[in-house]
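Structural characterization, general
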Amino acid sequence: MSAPDTIVLIHGFWVTPRSWEHWIAHYEKRGYRVLAPAYPGFEVEVESLNADPTPVEKVTVPQIVESLESVVGGLDKPPVLIGHSAGGVFVQLLLDRGYGAAGVALNSAPTEGVAVVPLTQVKAAFPVLRNPANRHRAVALNFEQWHYAFTNTFSEEDSRALYERYAVPASGSIFFDSALATLRPGHQSTYVDYANDNRAPLLFVAGEHDHLMPPKVQQSNARHYKSNTITEIEEYAGRPHLLPAAPGWEEIADHVLDWALSHAK
């Protein structure tokens, strides 16, 4: 099989495809076709979602996965899948369903069954989980909450600039469902078959100083995989949650793509 010529970048919660703007340009300069699909309803600009977060309230995990399957399944050959935060979950779900030549999960949210909850994660997620009524709302982070969860290694000035450019509300419903998935009987929407030997190779990347999805979450998620397919994890020192915009992002972008190309199946 020829090497992948397309990269699909999948954004996480509290941001939109705009968060990939640097990576899109970087990979296009390397000659790749780059797709950064939005969740259903997220196709509008950041400013529009902040003004009217109705699409955030309505979106569901099955809708997101179905939309991504449509994008990836419509390509001539399997692409490299790279997801950040919740996008890392969607990369895992797509790989489990037979999509993609290789996958990379950057500071990934956990899939079903990963029950490790470090204290920094509790604090970072508290703005959503503190109020059960948020389960039916789109929940925004104020600047202080954003800085702690996403950009804690940035200067306040740089952090605020990123907050104004990237931040949108997140779905309280999806967040609560993810938090409770391990406690419910039966498979939930973020279930993957950890023993799937047909899955394409997967690389987890952890940022040392990520508060929202700390390295322990990545380590636990990676350990859940029991298949014979390649599953690896790497940690970058000094990096926060928002890896796509953190200083030194070029190093990470080049390394994970090279890893994916060398392991693609």
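Figured I'd write up the structure that's included with this text. (Residues numbered from 1 in each chain as written. Predicted model: local features only at pLDDT ≥ 70, side-chain atom pairs only at ≥ 80, totals over all residues. Heavy atoms only, no water.)

Regarding the environment of N152
The condition is simple: Labels follow the DSSP assignment, with helices taken as runs of H or I lasting at least four residues and strands as runs of E lasting at least two, numbered in each case from the N terminus. Any N or O atom pair separated by 3.5 Å or less is treated as a polar contact, with the protein-specific requirement of one donor-capable and one acceptor-capable atom, and with residues adjacent in sequence counted only for side-chain atom pairs.
Structurally, the position occupied by N152 is in the loop between helix 7 (143–149) and helix 8 (156–166). Separated by 87 residues in sequence, N152 and R239 place their C-alpha atoms 9.0 Å apart. Within the structure, the side chain of N152 is placed 3.0 Å from the backbone oxygen of H209, a separation counted as a polar contact.

Points about unusual backbone geometry
Put simply, the rule is: Each residue is assigned to one of three classes by its accessible area relative to the maximum for its type, calculated with a 1.4 Å probe on protein chains only: buried under 20%, partly exposed between the two thresholds, exposed over 50%.
Of note, S85 is a non-glycine position whose phi angle comes to about 60°, a positive value. Inspection of the secondary structure puts S85 in the loop between strand 3 (80–84) and helix 5 (86–96). Within the chain, N107 stands out as a residue other than glycine whose phi angle is a positive 45°. Mapping N107 onto the fold places it in the loop between strand 4 (102–106) and helix 6 (119–129). We classify N107 as buried; its relative accessible area is 0%.

A look at the environment of F13
So the rule is basically this: Any two residues whose heavy atoms approach within 4.5 Å at even a single point are treated as in contact.
Tracing the backbone shows F13 in the loop between strand 1 (6–10) and helix 1 (21–29). Between the C-alpha atom of F13 and that of G87, which follows or precedes it by 74 residues, the distance is 7.9 Å. Setting aside residues up to four positions removed in sequence, F13 forms contacts with Y39, A86, F150, A170, I174 and F175.

Points about the packing of aromatic side chains
Here is the rule we go by: Only centres within 6.5 Å qualify two rings of Phe, Tyr or Trp (six-membered ring in Trp) as a pair; their planes then separate them into stacked at under 30 degrees, edge-to-face at over 60, and tilted for everything else.
Evaluated as defined, the whole model comprises twelve aromatic pairs. Judged by centre distance (5.9 Å) and plane angle (85°), the ring pair of W23 and Y27 falls under edge-to-face. Of the two residues, W23 and Y27 both sit in helix 1, four residues apart, roughly one turn of that helix. One exposure class covers both W23 and Y27, and it is buried. Arranged with centres 6.3 Å apart and planes meeting at 50°, the rings of F204 and Y225 form a pair that is tilted.

Everything listed is a geometric property; what it means functionally is a separate question.
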